[in-house]
Amino acid sequence: MKSIKSLILFFSISIITGCAAGNKYDYNQADISLPVKGSGDISLGVIDNRDYVHSGKKPAKFVGLQRGGFGNPFDVTTRSGKSLTEDMSVALTRSLEKSGFNVDELYFSASDTSLITSVIKNNGQQKNIVLTVNEWKTDVMMSIAVIYDLLLQIKDKDGNELASASSSSDGKETVSGAGFEGQNSRVATSTFETKISRLFNNPEIIEALEK
Amino acid sequence: MIHKLKFSIISFFLIYLTGCANTELISDVDPNKDLSGVRSFHVNKFEKDGRGIEIIIAKKLNEMGFKATHGSSKNIPLTAQAIVEYSDKWMWDITMYMLELNIDFRDPETNYKFATGRSYRTSLARKNPEEMVDEVLNEIFKQQKGH
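Below: a short report on this structure. Source: prediction; values computed, not measured.

### What to know about the packing of aromatic side chains
Any pair of aromatic rings gets described here by the distance separating the centres and the angle formed by the planes. In this structure the tally under the stated criterion is 13 aromatic pairs over all chains. Each ring, one from Phe46 of chain B and one from Tyr86 of chain B, has its centre 6.0 Å from the other, and the planes form 70°; the classification is edge-to-face. Placement of the pair is Phe46 of chain B in the loop between strand E2 (40-44) and helix H2 (53-63) and Tyr86 of chain B in strand E4 (residues 82-93), with a sequence separation of 40 residues. Of the residues examined, Tyr86 of chain B reaches a relative accessible area of 5% and is grouped as buried. Three or more aromatic residues joined by ring pairs make a cluster, and in this case those are Tyr25, Tyr27, Trp136, Tyr148 and Phe192 of chain A. Positioned above the aromatic ring of Phe114 of chain B, the side-chain terminus of Lys33 of chain B is 4.6 Å from the ring centre.

Here's what the structure looks like:
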């Protein structure tokens, strides 16, 4: 009877945690195919504007939740160990370079407009891409859902906005059934590729980048 | 005590079995892309696919009134307005079944993914590949009809 109780306890703990603890996703491996072709120099900055990161409740490398058998959440973080926005910047830089641009990566410590303008002016590029991540988080249990709020801006050398596009989910957006860590990471990354490339497929954005 | 144990075991299996009948059918089409203007497709064979899913996809697109070819990425017709890429995942549960099918439509010049569809079906909700191709493609095109 004691060994049966131990076995039940073991299985219960396994179900509750499952493979939920310690999951990591590979956003810096995202392969984003952009609907633009261009040339010349451009700068790129990705800003983390998630309020729970600013407040310190979650680290910058937090990317979402993986839930155990009873819905109990465990944090998912970046595989690289770097912040989510650093991973996004690496992936987006690679994609812009594939599209023909020479990319200068910029770092903004906050989403403050005057700070962004100051960094852009100091850098001196004619065209500047600023991606603000107000929210990006996956929530995984039986299915994979993503909650996102993204703003893409193209700014000139003085920090003036030339074009912008935004995209956000209406609450949790289900994108797939859930599997193990590797598969979930691929789905999350693929969803990021889709959402980011979609932002670029805006006539004003394309015109601002290609002229 | 025995009754409590029986109840726990039965509850456990009921919870476990609901996971065996999980389905998701999702599509995401760029609202800036007018799918009605896309009439010709080329279905790229997924390198890991040994079941000829690309033939099923091309056949279904042709049945839907489009012009679809299939093969490798090296023989894409110049007239193709969209490249179709897919990936399938199979599992074993007494027999093999298709767990997941992803279908993407890409621009042939930029490789930009302007439409995506996904069907996910666990064991108790399984369908054959033809039915899964059918539901994913219908789900993608249904999005545009709603506009």
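### Description of the sheet that holds strand E3 (residues 67-71) of chain B
Residue and element names in this part refer to chain B. Here we have six strands laid out as an open sheet, ordered E1-E6-E5-E4-E2-E3, and mixed in their pairing. The sheet terminates laterally at strand E1 (23-29) and E3, the two strands that pair on one side only. Adjacent strand axes in the sheet meet at a mean angle of 20°, parallel and antiparallel pairs treated alike. Pairing between E1 and strand E6 (residues 113-121): seven bridges, direction antiparallel. Paired with Thr23 across the two strands is Arg121, which belongs to E6. Across the face of the sheet, H2 comes into contact with E2, E3, E4 and strand E5 (95-106) while running at roughly 170° to E3.

Calculation criteria
Residues numbered from 1 in each chain as written. Chains lettered and ligands numbered in written order. Predicted model: local features only at pLDDT ≥ 70, side-chain atom pairs only at ≥ 80, totals over all residues. Heavy atoms only, no water. Phe/Tyr/Trp six-rings, centres within 6.5 Å; stacked < 30°, edge-to-face > 60°. Helix = DSSP H or I, 4+ residues; strand = E, 2+ residues; numbered from the N terminus. Buried < 20%, exposed > 50% of the residue type's maximum accessible area, 1.4 Å probe, protein only. Lys NZ or Arg CZ within 6 Å of the ring centre and 35° of its normal. Pairing = 2+ DSSP bridges. Axes fitted to C-alpha atoms, helices over the stretch in contact; angles between N-to-C directions. Contact = heavy atoms within 4.5 Å.

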